[in-house]
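So you can see what is in the structure, the chains are spelled out below.
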Amino acid sequence: MEIRSSLKRKSFLALTVYMAIVIAIIGSVSYLVVEPPIRDQLEKNLDLRTELLAAEIEEPLNSSVGILQSVVGIGNTGDSQQHQANMLLELFSVLDGVVVSGGIWPIPYSIDKTKAYKSLFFNRAKDGKVDQVFSWDNAESGGYDKESWFAPVLDKPPGTVIWSQVYIDPFTHVQMITASSPYFVDDEPVGVATIDISLESLVAFVSKQAQEYELGVVLKDSYGDVITDYNFKGVKGIYMSSTEFGDFQWHIDVVNANRFVDEEAFYVVTKVEAGIIPIMLICVMMGYVLINRFLISPIVLIAEKVNDSRTGGEINVRYNSHDEIRQLIDAFNQKTQFLEQEKQKAQASTKAKSAFLATLSHEIRTPMNGVLGTAQILMKTDLNQEQLKHMKTLYDSGDHMMTLLNEILDFSKIEQGFLELETHPFPLESILGSVKSVYYTLCVEKGLQFKVYSEVPQGRWYLSDKARLRQVLFNLLNNAVKFTSRGYVEVYFREIYQRGHNFLEITVRDTGIGIAKEAHDKIFNPFEQAESSTTRRFGGTGLGLAIVKQICKLMDGEISVTSELGIGTSFRVTLSMEPCEPHRLDIREHANLNYQGLKALIVEDNRTNAIIMNSFMTTKGFECEVAENGEICVQKMAYNNYDLILMDNHMPIMDGVEATIAIRSLTSSKANIVILGCTADVFKETRERMVNSGVDYVISKPIDETELDDALYRFYDRLYQYKPGLRDKKDVSPQEMEPLLLKFFMALEDENFVHAQEYFQRIKNEITGLKDDLLTQTLNAVQEKISRGETPMQSDLDVLTVSLNDYCS
């Protein structure tokens, strides 16, 4: 739209003239009228704050005089010292204030003609415990009658209270003050009563008040010595509030810490200037009518309409002038219409994509469970080399397909902000072991050199997300191996400290095809690779590095790349990793344990998946039954006994969550049966629903037999809760023990403590129930060393070898 007149030209001249007049008037009125009373009020406020602070300090000291009178009253009774000691002990046991010690101090030899000093002095510790202290009764130390709190007080009349100078207690290093008063028997002075008052809480109170009200405070005793000061800055010419208070004649000086009174008055006047809107309106009103008509009113009205239309809608304002405001209204309305349409499209697209991904994940994983499960079963059968090769190819291809699907799902979670980090302790050595075992073989098959260099301290543990660290590392190494046909692949680990945090720096280098400089930023974009031909040559979704970048961002780190075509590539990643104390390793057993005699119920509506699960479980020794839905499962539970339930999630009539809730609601011991959830839905919400319903552990489909073994081993004891006699039946032979022991020693020699833990645990499982104190002690010593990532002592290993040989023989 054409702008026929300028809003700026209409308002500029009138606004400039009238604003100059208003500023001059406001400045003059403020400093001539407002500043003096504000200064007086600020000085009064400071005086009042000083008096209140002095009263708060004086109150606990004055109240302690009542305690002193109680001590004097005990001395005045003239009772036996044992009775007086009991009364003093009871008194100090119920005290809870600033008085921390005190007692009565008889005139030397007045109690015992053979002993000069017989004081009754009690001290209350911070934990409330009251002890009688006898150190003052030692005549060799000079005697308490020479102290300043005794001799001058003895001659004073009844009711006299004498305050000592503030001093530092030699034992607690806390500021103290002592109050003394004579006590009498038959109107004759027989000793002095004292209480010791801790000034620690008073000093803390002064500091807290000074900090809270932004004051500078200095507190002095009657001798002029400083008891405490906080942020006190004495500057010549500033207003300082002072007062003397209490029978102990303390003195306190107070100033404003952040802004002195003059500065505070100036600050308040400045705020008053900014707040005198009515005066400004009166001064400006006559000349501001035109500006208000052509500028202020339309803008205010538009702002209200814009605020009302934040979630959609147009600005409907009657405005006839063809200037910038008219253009703003029309442009905004056009943008609003466009954005509303795009918003609806985006919301519909997001919902459709989320629903599609959920369906895609479930629908692909369900048949893939049959493909990969059948492949795993067939690979265990008697196949010739050619058949085994083809079966491995089938399994690897299916596994690769699941990897691509997981990448898409991960990226979808990142887009929607659903990707979350988990925090658990883990040793870096477990990551290094995985890297070496996986990629050394892959590199050897391609004729590449593979090396791992670590400058991280030996035995380092981190508190972070181990799975995401593996995902970053494996993504980078997968790319390095994929795009390198000759030369080497190397990975470096080291720690760096920056921005106040500890970071793990990972560098992955290769001598592969390299990346052109203009494509360095492009490779981190989703669904893109360095060249369009890369996908055709090497495969992949183009999501790996995009996911790595987002994980690095979540872990407060970053990723960078250095590369040249035909020479190679180097990726550098930093991830925030906080070191932690070593924990006992979470041992996962990968052996196929024999569960002969146990009975499992497979709850699965998909016939193929049920067959796969049945094959897996029967090979492990389970006797299996199948239920097509949750309702049948609950019915079977009522009339049969099972040791394990494998529960699918999505089923007709009654799903896995409803069935689990029904089983956990049973009143019999069957409610405690082990339930393993099996679902093709990998979204976090589904897993949480199953766990919250009572499922002990969730296994993702396609089911990996290793993960199934891990789950069974995790709940090994509960599997035998109904048949404990089966668990104790173990027949161990040298043929079974020797390979385990050999693998254990080889893992120790390679310093692969993760595998060493695994084999060691399997050895312990085989000899469960053995009554041999020496072997048990040796097993514990070896276990402790391995869990810390250290090589056990050779003497323990020798005892272990001999004992196991004797046991198997």
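By the naming in an unreviewed UniProt entry, the chain goes by histidine kinase and is assigned to Vibrio zhanjiangensis. Under the UniProt heading Catalytic activity (unreviewed entry), the entry covering the chain gives this text: "ATP + protein L-histidine = ADP + protein N-phospho-L-histidine."

## Examining the overall build of the chain
Along the chain, the regular secondary structure elements total 23 helices and 24 strands. Split into buried and exposed, the 809 residues of the chain put 43% on the buried side. When contacts within the chain are restricted to residue pairs at least 6 apart in sequence, long-range pairs at least 24 apart make up 66% of them. Approximately 43,600 Å² of the chain is accessible, and the part contributed by carbon and sulfur atoms is 53%.

## Observations regarding the pattern of salt bridges
Evaluated as defined, the whole model comprises 15 salt bridges. As a salt-bridge pair, Asp145 and Lys146 come within 3.3 Å of each other at their nearest N and O atoms. Its relative accessible area of 18% is what places Asp145 among the buried residues. As a salt-bridge pair, Asp709 and Lys620 come within 2.6 Å of each other at their nearest N and O atoms.

## A look at unusual backbone geometry
Positive phi outside glycine occurs at Arg499, with the angle close to 55°. One can find Arg499 in the loop between strand 15 (488-498) and strand 16 (501-510). On the basis of relative accessibility, which here comes to 58%, the residue Arg499 falls in the exposed class.

## A closer look at the sheet that holds strand 22 (residues 644-648)
Read from one edge of the open sheet, five strands run 21-20-22-23-24, paired in parallel fashion. The open sheet has two edge strands, strand 21 (623-627) and strand 24 (697-700), and neither has a second partner. Across the sheet, the mean angle from the axis of one strand to that of its neighbour is 20°, orientation sign disregarded. Strand direction decides the pairing type here: strand 23 (residues 674-679) and strand 24, joined by four bridges, are parallel. Within the sheet, the bridge partner assigned to Gly677 lies in strand 24 and is Val698.

## Section: the nonpolar core
Counting residues in each nonpolar core, the largest one holds 44 residues, and the members touching the most others are Leu61, Ile197, Leu199, Trp250 and Ile252. The element that contributes the greatest number of residues to this core is helix 1 (residues 7-76), accounting for 11 residues. Listed in part, the 41 residues of the second largest apolar core include Ile431, Leu448, Phe450 and Leu504.

## Side note on the packing of helix 9 (residues 428-446) against helix 10 (residues 466-482)
Here helix 9 crosses helix 10 at 15°, and the two axes come no closer than 11 Å. Our classification of the angle between helix 9 and helix 10 gives roughly parallel. The crossing of helix 9 and helix 10 is right-handed. Within the contact between the two elements, helix 9 uses Ser430, Ile431, Ser434, Val435, Tyr439, Leu442, Cys443 and Lys446 and helix 10 uses Lys466, Leu469, Arg470, Leu473, Phe474, Leu477, Asn478, Val481 and Lys482.

## Re the sheet that holds strand 12 (residues 424-427)
If you trace the three strands from one edge of the open sheet to the other, you get 12-14-19, paired in antiparallel fashion. Looking at strand neighbours, the two that pair on one side only are strand 12 and strand 19 (578-580), the edges of this open sheet. Strand after strand, the sheet turns through a mean of 45° between neighbouring axes, direction not considered. With three bridges joining them, strand 14 (residues 461-464) and strand 19 adopt antiparallel strand pairing. The residue bridging Trp461 from the neighbouring strand is Cys580, located in strand 19. Helix 9 rests against strand 12 and strand 14 of the sheet, and its axis sits at about 55° to strand 12.

## Details of the packing of aromatic side chains
Tallying each qualifying case throughout the model produces 18 aromatic pairs. Taking the centre distance of 5.0 Å and the plane angle of 25° together, the rings of Tyr595 and Phe622 count as stacked. Of this pair, Tyr595 sits in the loop between strand 19 and strand 20 (599-603) while Phe622 sits in the loop between helix 13 (607-619) and strand 21, placing them 27 residues apart in sequence. Given the relative accessible area of 4%, Phe622 is considered buried. Summarising the aromatic geometry, the rings of Phe744 and Phe745 are spaced 5.6 Å apart at their centres and angled 45° between planes, so their arrangement reads as tilted. Of the residues examined, Phe745 reaches a relative accessible area of 26% and is grouped as partly exposed.

## Observations concerning helix 2 (residues 81-94)
Between its first and last C-alpha, helix 2 extends 20 Å over 14 residues, near the 20 Å set by a 1.5 Å rise per residue. Three or more residues of helix 2 are buried, namely Gln81, Gln84, Ala85, Leu88, Leu91 and Phe92. Along helix 2, the residues classed as buried sweep out an arc of 125° about the axis, all on the same side. Pointing more than 90 degrees away from the buried face of helix 2 are the exposed residues Gln82, Glu90 and Val94.

## Topic: helix 16 (residues 684-693)
Every buried residue of helix 16 is listed here: Thr686, Met690 and Ser693. Buried residues of helix 16 fall within an arc of 70° about the axis and therefore sit on the same side. The inward-facing, buried residues of helix 16 contact strand 22, helix 15 (656-664), strand 23 and strand 24. Following helix 16 by one or two positions, Gly694 has its phi on the positive side, about 125°.

## Side note on the side chain of Asp796
Mapped onto the elements of the fold, Asp796 is located in helix 23 (residues 794-808). Within the buried core, Asp796 has no salt-bridge partner, and the shortest N-O distance to an opposite charge, that of Lys785, equals 7.5 Å. Contacts of Asp796, omitting those with residues within four sequence positions, involve Thr778, Ala781 and Val782.

## A look at the environment of Glu422
Within the secondary structure, Glu422 sits in the loop between helix 8 (385-415) and strand 12. Along the primary structure Glu422 and Arg468 are separated by 46 residues, whereas in three dimensions their C-alpha atoms are 8.7 Å apart. Discounting chain neighbours no more than four positions away, the residues touching Glu422 are Ser464 and Asp465.

## Looking at the pairing of strand 9 (residues 226-230)
Where strand 8 (residues 215-220) lies against strand 9, four bridges are found, and the strand directions are antiparallel. Bridging across to strand 9, Val217 finds its partner in Tyr230. What sits between strand 8 and strand 9 in their antiparallel hairpin is a turn of five residues, with Gly224 showing a positive phi close to 85°.

## Remarks on the pairing of strand 21
As judged from the five bridges shared by strand 20 and strand 21, these two strands associate in the parallel manner. Bridge pairing in strand 21 links Lys599 to Glu623. In this view, the connection linking strand 20 to its parallel neighbour strand 21 by way of helix 13 has right-handed handedness.

## Digging into the side chain of Lys701
In this fold, Lys701 is placed in the loop between strand 24 and helix 17 (705-714). Among the residues examined, Lys701 registers a relative accessible area of 2% and is labelled buried. A distance of 2.6 Å separates a polar atom in the side chain of Lys701 from a polar atom in the side chain of Glu604.

Rules used in this analysis
Residues numbered from 1 in each chain as written. Predicted model: local features only at pLDDT ≥ 70, side-chain atom pairs only at ≥ 80, totals over all residues. Heavy atoms only, no water. UniProt positions renumbered as here; feature names shortened; annotations may be inferred. Helix = DSSP H or I, 4+ residues; strand = E, 2+ residues; numbered from the N terminus. Buried < 20%, exposed > 50% of the residue type's maximum accessible area, 1.4 Å probe, protein only. Contact = heavy atoms within 4.5 Å. Areas by Shrake-Rupley, 256 points an atom, 1.4 Å probe, with all protein chains shown as cover. Salt bridge = Lys/Arg side-chain N within 4 Å of Asp/Glu carboxyl O. Pairing = 2+ DSSP bridges. Axes fitted to C-alpha atoms, helices over the stretch in contact; angles between N-to-C directions. Core = buried A, V, L, I, M, F, W, Y, C linked by side-chain atoms within 4.5 Å. Parallel < 35°, antiparallel > 145°, perpendicular 65-115°, else oblique. Left-handed = near helix turned anticlockwise from the far one by under 90°. Phe/Tyr/Trp six-rings, centres within 6.5 Å; stacked < 30°, edge-to-face > 60°. Expected span 1.5 Å × (residues − 1). Arc of directions from axis to C-beta. Lys, Arg positive; Asp, Glu negative; His and termini not counted. Right-handed = clockwise from strand over helix to strand, strands pointing away. Polar contact = N/O pair within 3.5 Å; in protein donor to acceptor, adjacent residues only side chain to side chain.

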